[in-house]
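Given next are the chains, with one letter for each unit.
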Amino acid sequence: MSSHIEYKEENSVLKSEEIYNLIKSSIHLFNEEDDFYFKPKSILDWYYEWDFKEYNPNIYSHGFHQYPAKFIPQLARKILRVFTNHKSIILDNFMGSGTTLIESMLLNRKKAIGIEYNPFACFIAKVKTTPINPNLLLKTFNEIKDNFNKNIEYKIHSFFNIDFWFKEQQKNELSKLKFIINQINNNEIKNFFFICMSEVVRRVSLTNHNGFKLHRDKQKLLDNFNPSVFWHFENVFNRNYMLMADFFNQTKNVTTEINIIQGDSRIRQSIPENSIDFILTSPPYGDSRTTVAYGQFSRLSWQWISGDNNIYKLDDLLLGGQIIKNKNINEILEYSPTLNAQYKEISLKDVTRANQVLTFYKDFYETFIQSHFYLKKNGYYVLVTGNRTVKGIFLRTDKIISELGKKLGFKTEKILYRKIINKRMPSKNSPTNKKGELSNTMHTENIIFLKKIY
């Protein structure tokens, strides 16, 4: 008998009176929203509108820098409005580039903590959550521009394979720009300009921009690809300067404490037990090798900014990056009947891929254990995730998370579904990493509301 599990959006199955009452008591708060955010007109409107297709995600500091599968601010804001207040301590244990933290600031919550393994993502998040007077930025930019137009001595930056990814002129111009930015005394301003430069690194490199994995673009190897580094730098600065002006004005009276932890969500961090009021996060949908390659996306920029070659190892160190070879891994199959059935189904087609999938969920379960430790009893843990397809089998991550959560002491209060309209993901990916072998990426996400009951 086949173990295939049909996909069905189960909006009507899990009805939570508590969530309904939370929304009912909070709906009036949405009257305060500015035009960048969705304003639900009723409780049902809150439940059913999640696409945000007419809204710009690149508002305030969210738009400083691109990042793979970036959390949509309108989604985070909508949830934070209902489940948190000014006294709330909020955690995002898959912080990425900091969407949850930024929205917590804009709502002036008490404290927002982010955990993220990728040092480059932590760097972006730090810049995004640091308001700076735009007048200081404009003054500094003019100084950078004056120095760039001068004949100055600077060291040519170097790292492994740099000449494979950059033509000589762009390498030299980026090196000059890096040298000038490094002379800035104020670290917050310096880091703001490094984020601007990072966007330029990707633009002027020889990489193909259709996805987040590193591939050279053959068209860029031609002589007619000769972009001006400073032209792009000025272009990015002008955009980020305007975004910072908006962000700075919105956060003038904000007292939110921001704590960014560069660390592994599978390992307990310096967060006290039962200290977190609310967790909002969007974990990876699968291992980086076959879904979104965060390390490959980050590599060139981080090597220019920090010179840290350890970024090469990042994708292997994230969830599911290394197949676990011990007898205890199969315990997770006992916790989730859905995972057990789908693991067996994939194993019939490809044992290696089945074990990669199993490793990912085992790693995710380790983060689940830590989340349960941090969260207060009766607190909510909201995950935005997706059901990916492996070997033609549609993995029910929503069901798997619900079952794993039940094992730990979480109750699934509600699962909602949204279409992925403006989340930055490629329309196709290469799950095998073989040239020409592409699969459609997922187009829907699950919003899973868990409550810690013990």
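Please refer to the structure placed before this passage.
Residues numbered from 1 in each chain as written. Predicted model: local features only at pLDDT ≥ 70, side-chain atom pairs only at ≥ 80, totals over all residues. Heavy atoms only, no water.

**Q** When you look at the overall build of the protein chain in this model, what are you seeing that I'm missing?
**A** If you tally the helices and strands in the protein chain, you get 16 helices and 11 strands. Relative to the 2.2 N^0.38 estimate, which gives 22 Å for 454 residues, the radius of gyration of the protein chain is 23 Å and therefore close to what a compact globule would have. C-alpha atoms of the protein chain, sized along the principal axes, occupy 70 × 50 × 40 Å. Looking at the 454 residues of the protein chain, the share that counts as buried comes to 58%. A sequence separation of at least 24 residues applies to 78% of the contacts in the protein chain between residues at least 6 apart. As presented, the protein chain carries roughly 20,200 Å² of accessible surface, and 48% of it is formed by carbon and sulfur atoms. Across the protein chain, the 63 positively charged side chains and the 47 negatively charged ones have centroids separated by 1 Å. (Helix = DSSP H or I, 4+ residues; strand = E, 2+ residues; numbered from the N terminus. Rg over C-alpha atoms; globule rule 2.2 N^0.38 Å. Buried < 20%, exposed > 50% of the residue type's maximum accessible area, 1.4 Å probe, protein only. Contact = heavy atoms within 4.5 Å. Areas by Shrake-Rupley, 256 points an atom, 1.4 Å probe, with all protein chains shown as cover. Lys, Arg positive; Asp, Glu negative; His and termini not counted. Charge placed at Lys NZ, Arg CZ, Asp CG, Glu CD.)

**Q** Where do I start with the environment of glycine 405 in this structure?
**A** Relative to the helices and strands, glycine 405 is located in helix α16 (residues 397–408). The sequence separation of glycine 405 and lysine 451 amounts to 46 residues, and the corresponding C-alpha distance is 9.2 Å. Ignoring sequence-local partners within four residues, the contact set of glycine 405 consists of Phe368 and Phe410.

**Q** Is there a simple way to think about the pairing of strand β2 (residues 111–116) in this case?
**A** Looking along a regular strand, one sees side chains alternate from face to face of the sheet. Across the six residues that make up β2, a large majority, five, are buried. With four bridges connecting them, strand β1 (residues 89–92) and β2 associate as parallel partners. Residue leucine 91 lies in a different strand from β2, and its bridge partner there is isoleucine 113. For the crossover from β1 across helix α4 (residues 99–106) to β2, the handedness is right-handed. Relative to strand β3 (residues 257–262), β2 runs parallel, the two being bridged by six bridges. By the bridge assignment for β3, isoleucine 115 is matched with isoleucine 261. (Pairing = 2+ DSSP bridges. Right-handed = clockwise from strand over helix to strand, strands pointing away.)

**Q** Could you clarify how one ought to interpret the nonpolar core in this entry?
**A** In summary, soluble globular proteins display a tendency toward joint burial of nonpolar side chains. Counting residues in hydrophobic clusters, the biggest one holds 59 residues, and the most contacted among them are Phe166, Phe192, Phe193 and Phe233. Counting only elements with at least two residues in this core, the list comes to α4, α5 (119–128), α6 (134–148), α7 (162–165), α8 (168–182), α9 (187–204), α10 (229–250) and α11 (294–305). Top contributing element to this core by residue count: α9, with 10 residues. Non-local contacts of phenylalanine 233, meaning those with residues more than four positions away in its chain, are made with Phe141, Ile144, Leu177, Ile181, Phe193, Cys196, Met197 and Val200. The next biggest cluster of nonpolar side chains, apart from the first, holds 42 residues, and it includes Phe373, Ile393, Leu395 and Ile401. (Core = buried A, V, L, I, M, F, W, Y, C linked by side-chain atoms within 4.5 Å.)

**Q** What is the right way to read α11 from this model?
**A** Residues three or four positions apart in an α-helix share a direction because the helix packs 3.6 residues into each turn. For α11, spanning 12 residues, the distance from its first C-alpha to its last is 17 Å, which sits close to the expected 16 Å at 1.5 Å a residue. Counting buried positions along α11 gives 12 out of 12 residues, so the element sits mostly inside the fold. Of all the residues in α11, the buried ones are Tyr294, Gly295, Gln296, Phe297, Ser298, Arg299, Leu300, Ser301, Trp302, Gln303, Trp304 and Ile305. (Expected span 1.5 Å × (residues − 1).)

**Q** Is there a simple way to think about the packing of aromatic side chains in this case?
**A** Aromatic ring pairs are reported here in terms of the distance separating the ring centres and the angle at which the planes meet. In the structure shown here, the tally under the stated rule is 37 aromatic pairs. Centroid distance phenylalanine 368 to tyrosine 381: 5.6 Å. Interplanar angle 80°. Geometry classified as edge-to-face. Taken together, the residues phenylalanine 368 in helix α15 (residues 351–374) and tyrosine 381 in strand β5 (residues 375–385) connect sequence positions 13 residues apart. Tyrosine 381 sits in the buried class, given a relative accessible area of 0%. Members of the aromatic cluster, connected to one another through ring pairs, are Phe38, Trp46, Tyr47, Trp50, Phe52, Tyr55, Phe83, Phe278, Tyr380 and Phe449. When the ring centre of tyrosine 37 is taken as origin, the NZ or CZ atom of arginine 77, which lies over that ring, is 3.8 Å away. The aromatic ring of phenylalanine 373 is capped on one face by arginine 268, whose charged end is 3.7 Å from the ring centroid. (Phe/Tyr/Trp six-rings, centres within 6.5 Å; stacked < 30°, edge-to-face > 60°. Lys NZ or Arg CZ within 6 Å of the ring centre and 35° of its normal.)

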